[in-house]
2 protein chains.
Amino acid sequence: MIHTITKLSVRDVRFPTSLDQHGSDAMHTDPDYSAAYVVIDTDNGLKGYGLTFTVGRGTEIVVCAVHALSGLIVGKSLEDIIRDFRGFYRTLTSDGQMRWIGPEKGVIHLATAAVLNAVWDLWARTEGKPLWKLLVDMDPKQIISCIDFRYITDALTEQEALDILMKAQEGKQQREGQMLEEGYPAYTTSCAWLGYSDQQLKKLCTDALASGWTRFKVKVGADLQDDKRRCSLIRQMIGPTNTLMIDANQRWDVGEAITWTSSLAEYKPLWIEEPTCPDDILGHATISKALAPLGIGVATGEQCHNRVMFKQFLQASALQFVQIDSCRLGSVNENLAVLLMAHKFQVPVCPHAGGVGLCELVQHLILFDYISVSANLDNRMCEYVDHLHEHFTSPVVIRNAHYMTPKDPGYSCEMFESSVQAHQYPEGETWKKLLKK
Amino acid sequence: MIHTITKLSVRDVRFPTSLDQHGSDAMHTDPDYSAAYVVIDTDNGLKGYGLTFTVGRGTEIVVCAVHALSGLIVGKSLEDIIRDFRGFYRTLTSDGQMRWIGPEKGVIHLATAAVLNAVWDLWARTEGKPLWKLLVDMDPKQIISCIDFRYITDALTEQEALDILMKAQEGKQQREGQMLEEGYPAYTTSCAWLGYSDQQLKKLCTDALASGWTRFKVKVGADLQDDKRRCSLIRQMIGPTNTLMIDANQRWDVGEAITWTSSLAEYKPLWIEEPTCPDDILGHATISKALAPLGIGVATGEQCHNRVMFKQFLQASALQFVQIDSCRLGSVNENLAVLLMAHKFQVPVCPHAGGVGLCELVQHLILFDYISVSANLDNRMCEYVDHLHEHFTSPVVIRNAHYMTPKDPGYSCEMFESSVQAHQYPEGETWKKLLKK
């Protein structure tokens, strides 16, 4: 059966999370978790849903970019696309005119992610499988055919990528069974946003411990004394054996990152996340080298804008934890490239999640990584933030601090139509009320 | 006198250059040179004009981004802005919500460039000076106060930057006099676009030699045999002492860039431009190292998206020629940072120009570089392309292959209102006719 894409629609959906300081950090002090939300229609009634995550103002720019890309997809059939997915990926990312305003970065790449996430969702639905299962069952050669290797062959060739996937065929079924039973380990960022009071921190931490959480992330970077107090408080509450991670959200220059993080070493963080500019590969390498003797790794990736940047972070030993993002890279296609490179360089992948929909999406990618690529759970965990899941038709399920393996067909990013309509910016009910004030 | 900004307007202006293959290269096969064109109005009638360059489709996305930024500028006075220009720069680039869709890259940064270019134009007009002269006459401390040093202090501190400017005070007047008399050396890209026939090449090259040109750039990268034929033809025509440069516009992976360029070494190119992905710092470093024994340098920058990327290119010895762009970086502010870093690392700056308006704008920056920073013309020249200058009220003047120093107040990016209206997309007369076909 052929599924021809007859229509692509995109909406600007925003949740007023800044009202309660949810998601606040050193650089994003008032985020309204938002999405450019894409629906593609086919001639036989099946739909695909996709999104890219944003934090409020500027979402309309991404929506504009999705409109610009839609001409490249409407009229095509899903079967045409997946027959040469690498070619289609390049059609979107290397349009002779639009590539100028990227290429493969920023607004236009976020839009590419939203559109391709919808295509992958549609594909998984046509197969009646959750996305992770579609990937796990796929022939390794077909996986490879979805990846654009342009600009990364000096780090990973097609043949090397294929070899990695072939080798991981061994034990795949056992790992799939394990995931279906236990789920994928998670950590929580919900306890310690920068805008929260100490009292809030304590309460949330107590609750999280009671629910079985063992890995906690704390936002830092605005004020060193505050950071010490907060890290000390959390470390006391979680005890010496549980895991603490800290996240500066790009607040520092290179030298400052080293001295500030060193001052927090006594709280034994596993990693410092985003210590400086996300573009600064060499800076991260310098920081990694300086912090290694303290046992602190560097984690980054949520604003690492494409596979070429990840390639260099790996080549330069500039990170010790790869934080892929389901909506900043060019969808599943580009994330596959990063997962395979990370495996080659033997660096663990710990996905970025949270926001709106990121947990729903990225769980599929990390399941595929464990079952079909890395076969390894050492120092690996997926971020979890307890926000806004109620707006999704197949929300993530967390049990005992693990992501339960999703079973519904698709990529888990369909939102309830009522949620979308209520939160459309600026015409939805939620915003009409807020903007009237 | 206070100049309060009362209005910011932006228009999508496109020239159908793809009809004649002007500007065609290995990756941009059908560019329609375009601009997001900004006009800011003040309460006392003075206006500022700015633009960012694009190549057709997608310009509407940049226009959308300019609208999003306009709320951060309308209502402010020019005097408020320049009193803390560094702070204002950061207001635009680090908005707590909009930075997510960059930060400082792609669409949102192109929009920042357009807006700030208009602010600088306005500033120069209030002083009755061309922009280069405004900069040259400015107190070094004020220059420094326009630059955001965030993320670059590991390569260049404020004090080092100030020292560079102070040191270059010596001989400044003499250099200014020299520029007013001779102008700044240029090279031409107009002879050898990829879409041109050999016959066109020959004719254009003959004409250029007759007009005094001594430096020529050829587009390569689509087909090696074609490249050999074209380079051989041009080298024959210009003789052994004139300068040849080649430009691949990002066509290759790292390994291929080295072998392909090595195959063209016999034509003695001064540089290979954009051999691979503009994000690939380490790749460019590998290529630079491999080509150094052949006497071929690496040039890049027109798609280098911010000062943090330039910093790393310099730190890694990944380029031998810095090609700043007036419209991709965050206007004059960020270009000042790059000029100062390039000077510290002793790498010559050879600006990217062409498109629409890029020659008009960047001539000001390279004049400032010579007079107030580098005091050096060795291996330095500014790109020139003979296109679309007729649409500007103060077009560049080329004489004997030199940019004549501009004298009109401002940043030379005001377009004739009739040109703007005729080429507005899609409602201008030019497009109405073309789209009807």
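Predicted model only: the values in this text are computed from it and were never measured.

A. Structural view of the overall build of chain A. The number of helices and strands found in chain A is 17 helices and 12 strands. In terms of C-alpha radius of gyration, chain A reaches 21 Å, essentially the compact-globule figure of 22 Å for 437 residues. Each principal axis of the C-alpha atoms in chain A carries an extent, and together these give about 60 × 55 × 45 Å. The buried share of chain A, reckoned over its 437 residues, is 66%. Long-range contacts, defined here as pairs at least 24 residues apart, represent 75% of the contacts in chain A between residues at least 6 apart. For chain A, the accessible surface area stands at approximately 14,100 Å², while carbon and sulfur atoms represent 50% of it.

B. Molecular detail of the relation of the copies chain A and chain B. Overlay of chain A on chain B (RMSD 0.0 Å): rotation 180°, translation along the axis 0.0 Å. Between the two chains, the operation in question is that of a two-fold axis. Residues of chain A ranked by C-alpha distance from the rotation axis are headed by glycine 106 of chain A, positioned 2.5 Å from it. An overlap of 100% is found between the interface residues of chain A and their copies at the interface of chain B, pointing to a shared contact surface.

C. Highlighting helix α10 (residues 224-238) of chain A. All names here are of chain A. Helix length check: α10, at 15 residues, gives a terminal C-alpha distance of 21 Å against a target of 21 Å (1.5 Å per residue), a fit within 8%. Taken together, the buried positions of α10 are occupied by Asp227, Arg230, Cys231, Leu233, Ile234, Arg235 and Ile238. In the core, the buried residues of α10 are packed alongside β4 (184-192), α9 (198-210), β5 (215-219), β6 (243-247) and α11 (254-263). Where α10 ends, the next residue or the one after it, glycine 239, has phi of about 80°, a positive value.

D. Quick peek at the sheet that holds strand β1 (residues 5-14) of chain B. Residue and element names in this part refer to chain B. Taken in spatial order, the three strands line up as β1-β2-β3 in an open sheet, and their pairing is antiparallel. In this open sheet, the two edge strands, each paired with only one partner strand, are β1 and β3 (47-54). This sheet shows a mean twist of 15° between the axes of neighbouring strands, independent of strand direction. For strand β2 (residues 34-42) and β3, the ladder comprises eight bridges, and the chain directions are antiparallel. From the neighbouring strand, aspartate 41 faces β3, where its bridge partner is lysine 47.

E. Region of the structure containing the nonpolar core. Counting residues in hydrophobic clusters, the biggest one holds 296 residues, and the most contacted among them are Trp120 of chain A together with Trp120 of chain B. Each residue touching tryptophan 120 of chain A, except ones within four places of it in the same chain, is listed here: Phe85, Leu131, Leu134, Leu135, Met138, Cys146, Ser331, Val332, Asn333 and Tyr411 of chain A.

F. Just the pattern of salt bridges, in detail. Residues and elements named next belong to chain B. Taken as a whole and judged by the stated rule, the model has 60 salt bridges over all chains. Residue arginine 83 is joined to aspartate 80 by a salt bridge in which the shortest nitrogen-to-oxygen separation is 3.0 Å. With a gap of three residues between them, arginine 83 and aspartate 80 both fall in helix α2 (residues 78-83), about one helical turn apart. Its relative accessible area of 61% is what places arginine 83 among the exposed residues.

G. Structural detail: helix α8 (residues 172-182) of chain A. Residues and elements named next belong to chain A. Where α8 is concerned, the buried positions are Lys172, Arg175, Glu176, Gln178 and Met179. Mapping the buried residues of α8 onto a view down its axis gives an arc of 160°, with all of them on the same face. For α8, the exposed residues set more than 90 degrees away from the buried face come down to Gln173, Gln174 and Glu181. Residues of α8 that are buried sit in contact with α5 (131-137), β4 and α15 (358-374). Residue glycine 183 follows α8 closely and has a positive phi angle near 85°.

H. Spotlight on the sheet that holds strand β1 (residues 5-14) of chain A. Residues and elements named next belong to chain A. Reading across from one edge, β1-β2-β3 is the order of the three strands in this open sheet, with antiparallel pairing throughout. The open sheet has two edge strands, β1 and β3 (47-54), and neither has a second partner. Along the sheet, successive strands turn relative to each other by an average axial angle of 15°, direction set aside.

I. Quick peek at the side chain of asparagine 333 of chain A. By the element assignment, asparagine 333 of chain A lies in helix α14 (residues 331-344). Filtering out sequence-adjacent residues up to four positions away, asparagine 333 of chain A remains in contact with Phe85, Tyr89, Leu116, Trp120, Cys146 and Ile147 of chain A.

J. Layout of the interface of chain A and chain B. Across the boundary between the two partners, chain A contributes 61 residues, which contact 61 residues of chain B. Contact between chain A and chain B buries roughly 5,200 Å² in total, counting both sides, with carbon and sulfur atoms accounting for 56%. In this structure, the connection of chain A to chain B is made through six salt bridges. For lysine 311 of chain A, the salt bridge identified is with aspartate 280 of chain B, shortest N-O distance 2.5 Å. Across the contact surface, chain A and chain B share 40 residue pairs in polar contact (both at pLDDT 80 or more). Looking at the side of chain A that touches chain B, the elements with two or more residues in it are β3, α1 (59-70), α4 (106-127), α12 (281-291) and α13 (307-315) of chain A. Ranked by residue count, the leading element in the side of chain A that touches chain B is α1 of chain A, at six residues. Its residues assigned to classes, the side of chain A that touches chain B comprises 28 nonpolar, 17 polar and 16 charged.

K. Region of interest: the packing of helix α3 (residues 85-93) of chain A against α4 of chain A. Residue and element names in this part refer to chain A. Two elements in contact, α3 and α4, have axes separated by 10 Å at closest approach and are oriented at 150°. With respect to each other, α3 and α4 are oriented roughly antiparallel. Where α3 crosses over α4, the handedness of that crossing is right-handed. Residue-level inspection shows Phe85, Phe88, Tyr89, Leu92 and Thr93 of α3 in contact with α4, the latter providing His109, Thr112, Val115, Leu116, Val119, Trp120 and Trp123.

L. Region of interest: the layout of surface pockets. Residues and elements named next belong to chain B. The space that makes up the largest pocket amounts to roughly 280 Å³. If you go around the largest pocket, you meet 17 residues; those closest to its centre are Thr188, Ser190, Leu204, Trp213 and Asp386. When residues of the lining of the largest pocket are traced back to their parent elements, those giving at least two are β4 (184-192) and α9 (198-210). Classifying every residue of the lining of the largest pocket by side-chain character gives 10 nonpolar, five polar and two charged.

How each quantity is defined
Residues numbered from 1 in each chain as written. Chains lettered and ligands numbered in written order. Predicted model: local features only at pLDDT ≥ 70, side-chain atom pairs only at ≥ 80, totals over all residues. Heavy atoms only, no water. Helix = DSSP H or I, 4+ residues; strand = E, 2+ residues; numbered from the N terminus. Rg over C-alpha atoms; globule rule 2.2 N^0.38 Å. Buried < 20%, exposed > 50% of the residue type's maximum accessible area, 1.4 Å probe, protein only. Contact = heavy atoms within 4.5 Å. Areas by Shrake-Rupley, 256 points an atom, 1.4 Å probe, with all protein chains shown as cover. Least-squares fit on C-alpha atoms with pLDDT ≥ 70 in both. Expected span 1.5 Å × (residues − 1). Pairing = 2+ DSSP bridges. Axes fitted to C-alpha atoms, helices over the stretch in contact; angles between N-to-C directions. Core = buried A, V, L, I, M, F, W, Y, C linked by side-chain atoms within 4.5 Å. Salt bridge = Lys/Arg side-chain N within 4 Å of Asp/Glu carboxyl O. Arc of directions from axis to C-beta. Buried area = accessible area lost by both parts, 1.4 Å probe. Polar contact = N/O pair within 3.5 Å; in protein donor to acceptor, adjacent residues only side chain to side chain. Nonpolar A, V, L, I, M, F, W, Y, C, P; charged D, E, K, R; others polar. Parallel < 35°, antiparallel > 145°, perpendicular 65-115°, else oblique. Left-handed = near helix turned anticlockwise from the far one by under 90°. 1 Å grid on protein atoms, 1.4 Å probe; cavity = no way out; pocket = protein on both sides within 12 Å on 5 of 7 lines; lining within 4 Å. Points joined across faces, edges and corners; volume = space filled by probe spheres on them.

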